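Topology and contacts: notes
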Amino acid sequence: MIKVGIIVGSTRPGRHSEAVARWVYEIATKRADAEYEIVDIKDFNLPLLDEPVPPSMGQYSQSHTKAWAAKIAEFDAYVFVTAEYNHSTTGALKNAIDFIYQEWNNKAAGFVGYGSAGGTRAVEHLRLIMAELQVADVRAQVALSLFTDFENFTVFKPAALHEKAVNAMLDQVLAWGGALKTLRQSIADPIHSAPRPFRR
Ligand SMILES: Cc1cc2nc3c(=O)[nH]c(=O)nc-3n(C[C@H](O)[C@H](O)[C@H](O)COP(=O)(O)O)c2cc1C
């Protein structure tokens, strides 16, 4: 079975990301086709990026970076739960993503967005970021509305139809996550996996 990390993408007091991630986790664990775990970026207390060497070189110096890298390395695929902040993802999630590099490579990802327009602009930005991280992002995504899936914009009460969307997204994440696990094993040689600071 592959391992999927469900990443809680915001850190502010009163955030909705925890409730959304828990809902995704509950749907996912009913499937019994992968190991699922909630990964809360808040638990890692990451400051603004404080690594002197670009993360793509893999020379992490800080204990918080090493702890975050070790956790992310455990997974074959991810589900990013993201709010939309100013038409993008949250600063906290972007910072957490930027902290490390090779731990993301050749893995799969799906997205659960929320906001006034379903968090779709946040997810579109994440898709651009995934390309640079060599993460295969699946087409199916979950778009939750602050107007119809949160009572009074606060209490998370997702419409029933979204459960189907979560499962469709997970189907694709598991298919690509499994395929890329095989790929990672086949390219684990020193020439192809040599760290480089930037893409040429
Ligand atoms: C800094 C900030 C910027 C926001 N910008 C947008 C936005 O551009 N589009 C949108 O749909 N919602 C926006 N919102 C509303 C959030 O999507 C909504 O409050 C959401 O619940 C925040 O996620 P969180 O509770 O996990 O922090 C913004 C909220 C914050 C705090």
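Judged by nonpolar contacts, the single largest core of 31 residues is most densely connected at Val20, Trp23, Val112, Leu144 and Met169. When residues of this core are traced back to their parent elements, those giving at least two are β1 (3-8), α1 (17-31), β3 (77-83), β4 (107-115), β5 (135-145) and α5 (161-186). Other than its neighbours up to four places away in sequence, Leu144 contacts Val20, Trp23, Val112, Gly113, Tyr114, Gly115, Gly118, Gly119, Asp149, Phe150, Phe156 and His162.

Bringing the site of the ligand into the picture now. Looking at the ligand, there are 16 residues lining it, with Ser10, Arg12, Tyr85, Tyr114 and Ser116 nearest. His16 is positioned with one of its backbone polar atoms (N or O) 2.7 Å from an oxygen atom of the ligand. Backbone polar atom of Asn86 to a nitrogen atom of the ligand: 2.8 Å apart, as the coordinates give it. Of the residues contributing to the shell around the ligand, the split by class is five nonpolar, seven polar and four charged.

This brings us to the sheet that holds β4. The strand order β2-β1-β3-β4-β5 describes an open sheet built from five strands, whose pairing is parallel. The open sheet has two free edges, formed respectively by β2 (35-40) and β5, since each of these has just one partner strand. Across the sheet, the mean angle from the axis of one strand to that of its neighbour is 20°, orientation sign disregarded. In the sheet, β4 pairs with β5 via eight bridges, with the strands oriented parallel. Note that in β5 the partner of Phe111 across the bridge is Gln141. Strands in contact with helix α4 (residues 120-133) are β3, β4 and β5; relative to β5, the strand with the most contacts, it is inclined by about 170°. Sitting on the sheet, α5 touches β1, β2, β3, β4 and β5, and the angle it makes with β5 is about 165°.

Before going further, it helps to examine the pairing of β2. Sheet topology note: the β1/β2 ladder contains six bridges and is parallel. Note that in β2 the partner of Val4 across the bridge is Tyr36. On the question of chirality, the crossover connecting β1 to the parallel β2 by way of α1 is right-handed.

Definitions and limits used
- Residues numbered from 1 in each chain as written.
- Predicted model: local features only at pLDDT ≥ 70, side-chain atom pairs only at ≥ 80, totals over all residues.
- Heavy atoms only, no water.
- Core = buried A, V, L, I, M, F, W, Y, C linked by side-chain atoms within 4.5 Å.
- Buried < 20%, exposed > 50% of the residue type's maximum accessible area, 1.4 Å probe, protein only.
- Helix = DSSP H or I, 4+ residues; strand = E, 2+ residues; numbered from the N terminus.
- Contact = heavy atoms within 4.5 Å.
- Near = heavy atom within 4 Å.
- Polar contact = N/O pair within 3.5 Å; in protein donor to acceptor, adjacent residues only side chain to side chain.
- Nonpolar A, V, L, I, M, F, W, Y, C, P; charged D, E, K, R; others polar.
- Pairing = 2+ DSSP bridges.
- Axes fitted to C-alpha atoms, helices over the stretch in contact; angles between N-to-C directions.
- Right-handed = clockwise from strand over helix to strand, strands pointing away.

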